[in-house]
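An overview of the molecular structure
Next come the chains, spelled out residue by residue.
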Amino acid sequence: MPSYVLWDIDNTLLYTGGAGSLGMRRAFNDLYGVDDAFGRVEFSGRTDTAIFADAAHACGIEPERMGGELVRFLDAYIPHLQMALQEVEGKLMPGIGKLLEALDARDDVVMGLGTGNFRRGGEMKLVHYGIDRYFPGFVGGFGEDSPSRDEVVRLAIERLTEGRANGDRVVVVGDTPHDIAAAHANGAFAFGVATGRNPVDELLACGADVALASLDDVDRVVSIIVHATA
């Protein structure tokens, strides 16, 4: 049975230079006339649904309207994200291009996504940075699936493995304590990478099975992934 790898996107695979938050701010302003609705909202490691819900609640949108407003917001956000990706400078994280190539070449590794991004937004980011080919079909769990990262990862495991594997054959790679917690909530191996705001010691302290400063040592990372057991 192969090892299944679920990737977080922002600050794990790539850094957009803030394109996502810029696109969200502009979309919210278009819909509701509030220029800085996300100024006090935490983004790191959270789902886009939860991020939108915090801003919407602060601006007085009633809970019973949230489902419909989320759909409206997503439709407004996508074109703004496309524009923002062209405006700001981002990059792939260290080693990611070679690492994805190495993992993709193996018959014993299957890759998918476990991300807080809305599906269309995550796909747009991967296309923009030229790594979408490693995720055919964009299989995984996404921000519109649930406000809960634990639930997003649960659905990602179900979809990627097609029900053939439990979490003990899954490696969740991410840069925040939310990724670590979601991995363990689903019985998966938690692989932390300190390319976001949390350093290695913090990721280990919150339960990462392994944590590295970056993923640029491709051989080492591949070895960890293929031999990982939760």
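Report on the accompanying structure. (Residues numbered from 1 in each chain as written. Predicted model: local features only at pLDDT ≥ 70, side-chain atom pairs only at ≥ 80, totals over all residues. Heavy atoms only, no water.)

Thoughts on the layout of surface pockets
As a reminder of what qualifies: Cavities and pockets are defined on a 1 Å grid built over the protein atoms alone: a cavity is a set of grid points where a 1.4 Å probe fits but cannot escape, while a pocket is an open set with protein on both sides within 12 Å along at least five of seven lines, and lining residues are those with an atom within 4 Å of any such point. Grid points are joined across faces, edges and corners, and a volume is the space filled by probe spheres set on the points. Every helix listed is a DSSP run of H or I at least four residues long, and every strand listed is a run of E at least two residues long, numbered separately from the N terminus. In this count, Pro and Cys sit with the nonpolar residues alongside Ala, Val, Leu, Ile, Met, Phe, Trp and Tyr, while Asp, Glu, Lys and Arg are called charged and the others, Gly among them, polar.
In this structure, the largest pocket occupies an estimated 530 Å³ of space. Along the wall of the largest pocket there are 29 residues; nearest its centre are Asp10, Asn11, Phe43, Ser44 and Lys125. When contributions to the lining of the largest pocket are tallied by element, the ones reaching two or more residues are α1 (19–32) and α2 (48–58). The residue inventory of the lining of the largest pocket, partitioned by class, reads six nonpolar, 13 polar and ten charged.

Points about the pattern of salt bridges
Quick note on the threshold: Take a side-chain nitrogen of Lys or Arg and a carboxyl oxygen of Asp or Glu: if they are within 4 Å of each other, that pair is a salt bridge. Burial classes: relative accessible area under 20% of the type maximum marks a residue as buried, over 50% as exposed, and values in between as partly exposed (1.4 Å probe, protein chains only).
Overall, the coordinates contain 17 salt bridges when judged by the stated rule. Put simply, arginine 106 and aspartate 108 hold a salt bridge, and the shortest N to O gap is 2.8 Å. Using a relative accessible area of 30% as the deciding quantity, one classes aspartate 108 as partly exposed. One continuous salt-bridge network, built from bridges that share partners, spans Glu62, Arg65, Glu69 and Arg72.

Looking at unusual backbone geometry
For asparagine 11, which is not a glycine, the phi torsion comes out positive at approximately 70 degrees. Note on asparagine 11: relative accessible area 25%, which makes it partly exposed. Positioned with a positive phi, glutamate 162 is a non-glycine residue whose angle comes to about 55 degrees. Of the residues examined, glutamate 162 reaches a relative accessible area of 57% and is grouped as exposed.

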